[in-house]
Amino acid sequence: ETGVTQTPRHLVMGMTNKKSLKCEQHLGHNAMYWYKQSAKKPLELMFVYNFKEQTENNSVPSRFSPECPNSSHLFLHLHTLQPEDSALYLCASSQGHTQYFGPGTRLTVL
Amino acid sequence: DQQVKQNSPSLSVQEGRISILNCDYTNSMFDYFLWYKKYPAEGPTFLISISSIKDKNEDGRFTVFLNKSAKHLSLHIVPSQPGDSAVYFCAASAGGSSNTGKLIFGQGTTLQVKP
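Our subject in this report is the structure included herewith. Given the structure is predicted, the values throughout are model-derived calculations rather than measurements.

Criteria and thresholds
- Residues numbered from 1 in each chain as written.
- Chains lettered and ligands numbered in written order.
- Predicted model: local features only at pLDDT ≥ 70, side-chain atom pairs only at ≥ 80, totals over all residues.
- Heavy atoms only, no water.
- Disulfide = S-S within 2.5 Å.
- Helix = DSSP H or I, 4+ residues; strand = E, 2+ residues; numbered from the N terminus.
- Buried < 20%, exposed > 50% of the residue type's maximum accessible area, 1.4 Å probe, protein only.
- Salt bridge = Lys/Arg side-chain N within 4 Å of Asp/Glu carboxyl O.
- 1 Å grid on protein atoms, 1.4 Å probe; cavity = no way out; pocket = protein on both sides within 12 Å on 5 of 7 lines; lining within 4 Å.
- Points joined across faces, edges and corners; volume = space filled by probe spheres on them.
- Nonpolar A, V, L, I, M, F, W, Y, C, P; charged D, E, K, R; others polar.
- Core = buried A, V, L, I, M, F, W, Y, C linked by side-chain atoms within 4.5 Å.
- Contact = heavy atoms within 4.5 Å.
- Phe/Tyr/Trp six-rings, centres within 6.5 Å; stacked < 30°, edge-to-face > 60°.

Let's talk about the state of the cysteines
Going through the model one piece at a time under the given rule, you end up with two disulfides over all chains. Here Cys 23 of chain A pairs with Cys 91 of chain A through a disulfide, and the sulfurs are 1.9 Å apart. On the sign convention where negative is left-handed, the bridge of Cys 23 of chain A and Cys 91 of chain A, at about -70° about the S-S bond, is left-handed. Residue Cys 23 of chain A is located in strand 3 (residues 18-25), and its partner Cys 91 of chain A is located in strand 9 (residues 87-94); the two are separated by 68 residues in the primary sequence. Judged by its relative accessible area of 0%, Cys 23 of chain A is buried. Shown here is the disulfide that connects Cys 23 of chain B with Cys 90 of chain B, its sulfur atoms set 2.0 Å apart.

Here's the deal with the pattern of salt bridges
Per the stated rule, a full pass over the model turns up three salt bridges over all chains. As a salt-bridge pair, Arg 63 of chain A and Asp 85 of chain A come within 2.7 Å of each other at their nearest N and O atoms. With a gap of 22 residues between them, Arg 63 of chain A in the loop between strand 6 (53-57) and strand 7 (64-70) and Asp 85 of chain A in the loop between strand 8 (73-79) and strand 9 connect regions that are remote in the sequence. Between Arg 61 of chain B and Asp 84 of chain B there is a salt bridge, and its shortest N-O distance comes to 2.8 Å. Residue Arg 61 of chain B is found in the loop between strand 6 (56-59) and strand 7 (62-67), and its partner Asp 84 of chain B is found in the loop between strand 8 (72-77) and strand 9 (86-93); the two are separated by 23 residues along the sequence. Taking the relative accessible area as the measure of exposure, Asp 84 of chain B reaches 2% and is therefore buried.

With respect to the layout of surface pockets
There is about 530 Å³ of room inside the largest pocket. Gln 37, Ala 39 and Lys 40 of chain A together with Val 87 and Phe 89 of chain B are the residues nearest the centre of the largest pocket, which is lined by 24 residues in total. Class assignment of the residues belonging to the lining of the largest pocket gives a composition of nine nonpolar, 10 polar and five charged. Considering only enclosed or pocket space, the second largest pocket measures out at about 260 Å³ in volume. Lining the second largest pocket are 14 residues, and of these Pro 42, Leu 43 and Glu 44 of chain A together with Ile 104 and Phe 105 of chain B sit closest to its centre. Elements supplying a minimum of two residues to the lining of the second largest pocket: strand 5 (44-50) of chain A together with strand 10 (103-105) of chain B. The element that contributes the greatest number of residues to the lining of the second largest pocket is strand 10 of chain B, accounting for three residues.

Some points on the nonpolar core
By size, the foremost hydrophobic cluster in this structure holds 23 residues, and its most contacted members are Phe 33, Trp 35, Leu 73, Leu 75 and Tyr 88 of chain B. Elements represented by at least two residues in this core include exactly strand 3 (19-25), strand 4 (32-38), strand 5 (45-51), strand 7, strand 8, strand 9 and strand 11 (109-114) of chain B. A total of four residues in this core trace back to one element, the largest contributor, which is strand 9 of chain B. Sequence-distant contacts of Leu 75 of chain B, that is, excluding residues within four places in its chain, are made with Ser 19, Ile 20, Leu 21, Trp 35, Leu 47, Ile 48, Phe 62, Thr 63 and Tyr 88 of chain B. Counting residues in each nonpolar core, the second largest holds 22 residues, with Tyr 49, Leu 76, Leu 81 and Tyr 89 of chain A among its members.

Digging into the packing of aromatic side chains
In total, this model carries 13 aromatic pairs over all chains according to the counting rule given. Centroid distance Phe 64 of chain A to Tyr 89 of chain A: 5.8 Å. Interplanar angle 35°. Geometry classified as tilted. One end of the pair, Phe 64 of chain A, is in strand 7; the other, Tyr 89 of chain A, is in strand 9, and 25 residues separate them in sequence. Here the two residues Phe 64 of chain A and Tyr 89 of chain A agree in accessibility, since each one is buried. Seen in terms of ring centroids, Tyr 25 of chain B and Phe 33 of chain B are 4.7 Å apart; in terms of plane orientation they differ by 40°. Their pairing is tilted. For the pair Tyr 25 of chain B and Phe 33 of chain B, one class covers both residues: buried.

Printed below as a string of structure tokens:
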């Protein structure tokens, strides 16, 4: 398995549910990222982890909770989301400037 | 305040012709620029990049030009192919030699290449 993988690819959840998104990178990179892409908007950086330490939280609401247990795995825990949180959530990893993206999780909040 | 702007939401070109995608930025601290291509239901794929110490970088059919004084970069695709039809994102970083380059993305340009 190569590159950056994300599971699940699609997720539908109610506002009271708790769910988690998973990202795994097989590139040996030290940095991992969560992005949000809403319709007709640029990719928005949410969190940055470098060597498992969170180095950036881009004013993300606390209903999104990241976890990085090691340099290869990144999670995004979701709790009491709102319908406006429906979007494509992308994970990326890097070793330098170039970031490599996973396929994304299409999240729908009902 | 959008630091990276792609002012053309869409572009349509004929197969075999040149596609030129444009990107403007406002932050003079940006020192590294990248182009990504995105198909529906997939993540962005890295295409080509350029450091601010250069004004041109070429990779096969793809060439990126950087004009620092105008804070403008462009991606040229020649010849364009129908498989190039996708959304193209410009991104910029002010990370220097840091290995956690925070990227700022433009809003994307949808390219359609007609057979």
